[in-house]
Amino acid sequence: MPPNAVQMESNESTDHEPFATLRNGRRREVIDYLRDRPGPVDLRDLSEHVAAVENDCDPADVTYDQRKRVQTALYQMHLPKLADAGVVSYDRRAGEVTLVDGAERCLPYLDAVDERRRRWWRWYLLVAAILAVPIALAAAGVGPFTRVPGLAYATVAVLSCAFVSLVQVAVERD
């Protein structure tokens, strides 16, 4: 095999490493959480945060079982993978995790796949549900809702979706 072929394979695996590291949502959340903290983070606090994100609740509302399930997965699988990739330093005995310089190569990709940005569907669904009520009442022939023309309902629907879209763009730019 020519020497160039070996070099190409080596570079190719290095180029794909951040993607393999960020493939899992828990690992992405670990990196995101650690980058906002300057020093070591306790595994329990980290597990509680990840469990809160996964269960869409405040960390104070995370149950023991939810936290323990995440903590076990982090301890056994995700933190060793992140440590092997040179993204975190993980002291098993002390139960402390720290982001290291190797994480810099993952951060640009992490911002592109931020899970919280994917939750905007809830706002669009809420707008649709709110708009569906008066439209359904108008279709059923209920009182004042029948007096509103269909074009008015369509205008309100379009403006509502446009408003949520503009808010989403403003939030995601920050």
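Above this note sits the structure.
Each chain has its residues counted from 1, following the order in which its sequence is written. Where local features are concerned, this predicted model is filtered to residues with pLDDT of at least 70; where side-chain atom pairs are given and counted, the filter is 80 or more; whole-chain, interface and lining totals use all residues. Here the side-chain values reflect all heavy atoms present in the structure, with hydrogen atoms and water set aside.

Student: Mind showing me how you'd approach the nonpolar core here?
Tutor: Taken as a class, soluble globular proteins show a tendency for nonpolar side chains to be buried jointly. In this description, a nonpolar core means a group of buried Ala, Val, Leu, Ile, Met, Phe, Trp, Tyr and Cys residues linked to one another through side-chain atoms lying within 4.5 Å. Each residue gets one of three labels from its accessible area relative to the maximum for its type: buried under 20%, exposed over 50%, partly exposed in between, using a 1.4 Å probe on protein chains only. Val 30, Leu 46, Leu 79 and Val 87 are the most contacted members of the largest nonpolar core, which totals 25 residues. Every element with two or more residues in this core is listed here: helix 2 (25-35), helix 3 (43-54), helix 4 (64-84), strand 2 (88-91) and helix 5 (107-112). With five residues, helix 3 is the largest single contributor of residues to this core. For Val 87, the residues in contact, after removing those within four places along its chain, are Thr 21, Ile 31, Leu 82, Thr 98, Leu 99, Val 100, Gly 102, Ala 103 and Cys 106. Think of it this way: any DSSP run of H or I at least four residues long counts as a helix, any run of E at least two long counts as a strand, and we number them from the N terminus. Contacts are residue-level and defined by heavy atoms, with any inter-residue pair within 4.5 Å sufficient.

Student: What is the right way to read the pattern of salt bridges from this model?
Tutor: By salt bridge we mean one thing: a side-chain nitrogen of Lys or Arg within 4 Å of a carboxyl oxygen of Asp or Glu. For the structure shown, the criterion picks out three salt bridges. Arg 26 is the salt-bridge partner of Glu 54, the closest N and O atoms lying 2.6 Å from each other. Placement of the pair is Glu 54 in helix 3 and Arg 26 in helix 2, with a sequence separation of 28 residues. The class of Arg 26 is buried, set by a relative accessible area of 19%. Here Asp 56 ties to Arg 122 by a salt bridge, and the two come within 2.6 Å at their closest N and O atoms.

Student: Help me understand unusual backbone geometry in this model?
Tutor: Note on backbone geometry: most residues besides glycine have negative phi, and most peptide bonds are trans. Even without being a glycine, Asp 56 presents a positive backbone phi close to 50°. Here Asp 56 shows up in the loop between helix 3 and helix 4.

Purely geometric numbers; function is a separate question.
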